[in-house]
Amino acid sequence: MLLLWSRAYFRIRCPGGRSATLKCFSTSSQRRAPKSIAMEDFTCDLIRNFSIIAHIDHGKSTLADRLLELTGTIKKKEIGKNEQVLDKLKVERERGITVKAQTASMIHTFGGKPHVLNLIDTPGHVDFAWEVSRSLAACQGALLLVDASQGVQAQTISVFHIAQERGLKIIPVLNKIDLPAAQPERIAAQMQSTFGTDPDDIICISAKTGKGVEEVLQAIIDRIPPPNGMTTAPLKAFLFDSLYDRYRGVISLVAVQDGILKKGDRIASCHTNKKYEVQEVGIMHPEEIPTNGLYPGQVGYVACNMKESSEAHIGDTLHRVGAAVDPMPGFKPAQAMVYAGIFPVDTSDFPKLEESIKRLALTDRSVTVQRESSTALGQGCRLGFLGTLHMDVFRQRLEDEHDANIIVTAPTVPYKLVYKNKDVYISNPTEFPDAIDVSSKVLEVQEPVVKASIIVPEDYFGDMMDLCFTHRAEDLEHRYLDAGTGTSARIMLNCVIPLSEIVTDFFDQLKSRSSGFASFDYEEAGYKASDLSKMVFLLNGKPVDALALIVHRSHEDSIGKEWVKKLVKVIPRQMFEVPIQAAVGKKIIARETLKAYRADVTAGLYGGHVERKMKVLERQKEGKARMKRMGSVNLPQEAFFDLMSSKK
Ligand SMILES: Nc1nc2c(ncn2[C@@H]2O[C@H](COP(=O)(O)OP(=O)(O)OP(=O)(O)O)[C@@H](O)[C@H]2O)c(=O)[nH]1
């Protein structure tokens with residue numbers, strides 16, 4: 001039985017002039033939050049678990065909002081113009097991107113029967129592909145959303161393949177048909193040639209105006225298979241996400257496969273074998289609403305006094321204590337692709353910064369944290385991220401949500417040093433040997449590479465080839481995606497490229513050199529031997545550890561020159577001349593000289609005592625030479641900050 005629900009009837013115009021009457025559940029949560037929802041009436045045939053997958057900005061969050069409105073889960077006026085309900089983080093709203101996948105359960109009536117539709121939102125940016133595969137693990141179907149003006153993009157292809165590999169029912173949806181530049185027929189043909197989609201299966205919508213969205217709701221019911229599970233079988237719940245609540249600890253999001261999960265149950269994790277007592281279960285509606293239980297096929301949250309976020313292992317199976325089950329297949333854990341050091345601008349702020357990083361990491365399971373100390377920057381943390389956007393988002397969240405004042409060092413990828421009997425992975429340039437020779441005993445240095453795909457209009461193909469070559473791409477191949485000429489014909493370019501090349505300026509250059517028309521996606525492709533070395537920067541002959549970089553031989557000159565130029569701009573002048581050098585091993589690659597700050601020691605000398613003036617100047621010179629011999633150059637935190645932010 002449903003408690004505290006009221007029905008409302010909406011008359012909706014469908015595309016093509018049809019109209020339909022839908023019974024929508026307008027929850028009394030709009031007036032007052034329901035205390036509890038009984039879930040046992042929602043048997044598997046009344047449940048659909050789905051996700052929306054698309055290239056970045058093709059309108060997933062906007063469509064999610066329309067679905068939530070149409071099912072009465074949220075009120076229309078609750079949404080600001082560009083504020084998406086599922087994009088809860090400030091950084092998501094500011095940047096208009098989804099970073100953290102959210103789950104929302106909607107209750108809607110079809111054919112006179114209330115159904116539960118569980119929407120598991122997915123982020124669009126390539127950095128967050130892991131979140132996409134995690135979300136899809138809890139679904140039976142996916143809406144494949146394509147922008148009707150932009151067409152199929154690189155990530156449309158990759159998310160399509162992830163969904164297909166998982167055996168999900170895919171519903172093709174063309175969005176933004178309200179745009180003057182929309183070309184639904186052409187893009188439908190593109191989807192047919194790329195994915196084998198039957199054009200008759202495609203639903204054309206405008207998530208912005210709501211046109212066609214009702215048809216999407218109907219298709220979710222008609223085309224996506226319901227989950228299957230048995231109430232009488234032992235409890236098996238798949239843990240696919242977790243949240244952190246300051247008061248209740250870790251809250252796990254689960255998809256119940258078999259059995260019933262209820263308050264007071266004693267449950268255990270297949271992964272850690274730890275046991276817990278269930279304190280509360282419920283659904284995300286879209287805020288947490290407690291329910292009397294979670295039944296087979298249902299998706300919801302469980303609070304069971306987990307203290308550490310590491311206890312909620314993504315991909316884990318939860319079962320009842322004493323009724324062990326075979327764990328469900330999990331999936332590949334998130335792997336850090338980019339590492340950077342994070343240090344406080346004021347070194348005494350480290351304890352506060354470390355606490356903030358730990359708290360933020362509780363809400364972002366894909367970040368890895370380790371302590372690090374640097375002679376130049378003091379105590380800090382070395383963090384691993386899924387990509388540079390992920391890194392940037394984490395930095396912004398630290399600043400926004402924790403008021404942190406930080407320095408982020410240059411990003412680096414994990415390199416592999418091959419020794420005779422072991423492989424060592426390093427994520428910090430300071431750990432890299434000064435020279436790769438007999439003394440270091442390193443047989444080979446390898447770097448991570450990715451399989452990249454770029455989709456670009458034919459007119460920009462030459463520029464893209466050039467971009468790939470300058471970033472050390474190999475195995476280039478291309479094929480035409482659709483017929484036409486100039487900007488209407490599009491080419492898909494595939495290549496293997498070192499990950500370190502794409503964590504720097506690759507993405508910005510891709511966008512600027514293709515006037516924003518190129519889309520890009522990549523997947524890991526293992527490690528490859530590479531000619532790499534450590535570059536250090538010397539100030540007055542002394543190396544600054546936090547500035548060390550790992551560079552490819554072919555980029556040594558350009559990177560060395562670029563960095564010493566930057567350094568000479570940000571370091572404050574000293575009383576003596578400071579050589580700033582970039583060195584690889586014993587070889588100096590580039591040099592700039594920071595001029596001395598010249599105090600006017602002769603200011604107090606009046607008249608024409610030239611010899612006296614010369615003598616004073618001579619003494620100043622000697623003093624400076626002495627200072628230079630003894631003196632180390634302080635690179636203030638502010639200079640570091642300027643240096644690191646000047647790269648963006
Ligand atoms: N004209 C028009 N604009 C739309 C439509 N749907 C979405 N948009 C706009 O497209 C932009 C991106 O929409 P989002 O819903 O944030 O896209 P997203 O796919 O969720 O983006 P990520 O979360 O970053 O992956 C926003 O400015 C929306 O207002 C539509 O049907 N028509």
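Residues numbered from 1 in each chain as written. Predicted model: local features only at pLDDT ≥ 70, side-chain atom pairs only at ≥ 80, totals over all residues. Heavy atoms only, no water.

**Points about the side chain of Asn-118**
No. 1: Mapping Asn-118 onto the fold places it in strand 5 (residues 113–120).
No. 2: When its relative accessible area of 1% is taken as the criterion, Asn-118 is described as buried.
No. 3: Among the polar contacts listed, one links the side chain of Asn-118 to the side chain of Asn-49, at a separation of 2.7 Å.
No. 4: Within the local environment of Asn-118, its side chain forms a polar contact with the side chain of Ser-105, the two groups lying 2.6 Å apart. (Helix = DSSP H or I, 4+ residues; strand = E, 2+ residues; numbered from the N terminus. Buried < 20%, exposed > 50% of the residue type's maximum accessible area, 1.4 Å probe, protein only. Polar contact = N/O pair within 3.5 Å; in protein donor to acceptor, adjacent residues only side chain to side chain.)

**Observations concerning the pairing of strand 21 (residues 415–418)**
No. 1: Across the two faces of strand 21 the burial is the same, with Tyr-415 and Leu-417 and Lys-416 and Val-418 all buried.
No. 2: Note: strand 21 against strand 22 (residues 423–426), four bridges, orientation antiparallel. Across the sheet, Leu-417 pairs through a bridge with Val-424, a residue of strand 22.
No. 3: Here strand 21 folds back onto strand 22, and the loop between the two strands holds four residues.
No. 4: Two strands pair when backbone bridges link them, and strand 21 and strand 23 (residues 444–457) are joined in this way by three bridges, in the antiparallel orientation. Across the sheet, residue Leu-417 finds its bridge partner in strand 23, namely Val-445. (Pairing = 2+ DSSP bridges.)

**Digging into unusual backbone geometry**
Both trends apply: most residues other than glycine have a negative phi, and most peptide bonds are in trans.
No. 1: Each neighbour pair has its own omega, and for His-285 with Pro-286 the value is -10°, a cis peptide bond.
No. 2: Note on placement: Pro-286 falls in the loop between strand 13 (280–284) and strand 14 (288–290).
No. 3: At Asp-475, a residue that is not glycine, the phi angle is positive and equals roughly 50°.
No. 4: With respect to the helices and strands, the residue Asp-475 is situated in strand 24 (residues 474–482).
No. 5: Even without glycine at this site, Asn-540 takes up a positive phi of about 55°.
No. 6: Here Asn-540 lies in the loop between strand 27 (532–539) and strand 28 (542–543).
No. 7: Judged by relative accessible area, which is 13%, Asn-540 ranks as buried.

**Structural notes on the packing of helix 7 (residues 350–363) against helix 8 (residues 388–402)**
No. 1: Closest axis-to-axis distance for the helix 7/helix 8 pair is 10 Å, and the angle between their directions is 115°. Taken together, the axis directions place helix 7 and helix 8 in an arrangement best described as roughly perpendicular. With respect to the hand of their crossing, helix 7 and helix 8 are arranged in right-handed fashion. Residues Lys-352, Leu-353, Ser-356, Ile-357, Arg-359, Leu-360, Ala-361 and Thr-363 of helix 7 form the contact with helix 8, whose participating residues are Phe-394, Arg-397, Leu-398, Glu-401 and His-402.
No. 2: Grouping the amino acids of the contact of helix 7 with helix 8 by side-chain chemistry returns six nonpolar, three polar and four charged. (Axes fitted to C-alpha atoms, helices over the stretch in contact; angles between N-to-C directions. Parallel < 35°, antiparallel > 145°, perpendicular 65-115°, else oblique. Left-handed = near helix turned anticlockwise from the far one by under 90°. Contact = heavy atoms within 4.5 Å. Nonpolar A, V, L, I, M, F, W, Y, C, P; charged D, E, K, R; others polar.)

**Here we look at the sheet that holds strand 19 (residues 378–385)**
No. 1: Strands sit in the order 18-19-17-20 across an open sheet of four strands; the sheet is antiparallel. One side of each edge strand has no neighbouring strand; the edge strands of this open sheet are strand 18 (368–374) and strand 20 (406–408). Neighbour-to-neighbour, the strand axes of this sheet turn through a mean angle of 30°, independent of strand direction.
No. 2: By the bridge criterion, five bridges tie strand 17 (residues 338–344) to strand 19 in an arrangement that is antiparallel. Among the inter-strand pairings, Val-338 is bridged to a residue of strand 19, identified as Phe-385.
No. 3: Contacts between helix 7 and the sheet are confined to strand 17, strand 18, strand 19 and strand 20, with strand 19 contributing the most and set at about 15° to the helix.

**Digging into the packing of aromatic side chains**
Pairs of aromatic rings are described using the distance from one ring centre to the other and the angle between the two planes.
No. 1: Going through the model one piece at a time under the given rule, you end up with nine aromatic pairs.
No. 2: An angle of 55° between the planes, with centres 5.1 Å apart, marks the rings of Phe-506 and Phe-520 as tilted. One end of the pair, Phe-506, is in helix 11 (residues 506–513); the other, Phe-520, is in strand 26 (residues 519–529), and 14 residues separate them in sequence. Of the two residues, Phe-506 and Phe-520, both sit in the buried class.
No. 3: In this structure an aromatic cluster arises from ring pairing among Phe-506, Phe-507, Phe-520 and Tyr-522.
No. 4: Residue placement shows Lys-416 over the ring face of Tyr-527; its charged tip is 5.2 Å from the ring centre.
No. 5: Of note, Lys-566 hangs over the ring of Trp-563, and the distance from its end group to the ring centre comes to 4.6 Å. (Phe/Tyr/Trp six-rings, centres within 6.5 Å; stacked < 30°, edge-to-face > 60°. Lys NZ or Arg CZ within 6 Å of the ring centre and 35° of its normal.)

**Remarks on the sheet that holds strand 14**
No. 1: With respect to topology, eight strands assemble into an open sheet ordered 12-11-16-9-10-15-13-14, the strand pairing being antiparallel. Edge positions in the sheet fall to strand 12 (275–277) and strand 14, since each of these pairs with one other strand and no more. Each strand of the sheet is rotated relative to its neighbour by a mean of 40°, with strand direction disregarded.

**Considering the environment of Lys-569**
No. 1: Among the structural elements, Lys-569 can be located in helix 12 (residues 556–570).
No. 2: A relative accessible area of 72% means that Lys-569 is categorised as exposed.
No. 3: Put simply, Lys-569 and Leu-594 are 25 residues apart on the chain and 8.5 Å apart in space, counted from C-alpha to C-alpha.

**Side note on the confidence of the model for the protein chain**
No. 1: In the predicted model, the protein chain carries a mean pLDDT of 81, and 80% of its residues have values of at least 70.
No. 2: Segment residues 1–35: pLDDT under 50, and 81 contacts once partners within four positions in sequence are set aside and those in other chains are kept.
No. 3: Taken as a whole, residues 77–82 scores under 50 in pLDDT and shows five contacts with residues more than four places along the chain or in a different chain.
No. 4: The ipTM for the predicted assembly is 0.98, set against a pTM of 0.71. (pLDDT = per-residue confidence, 0-100.)

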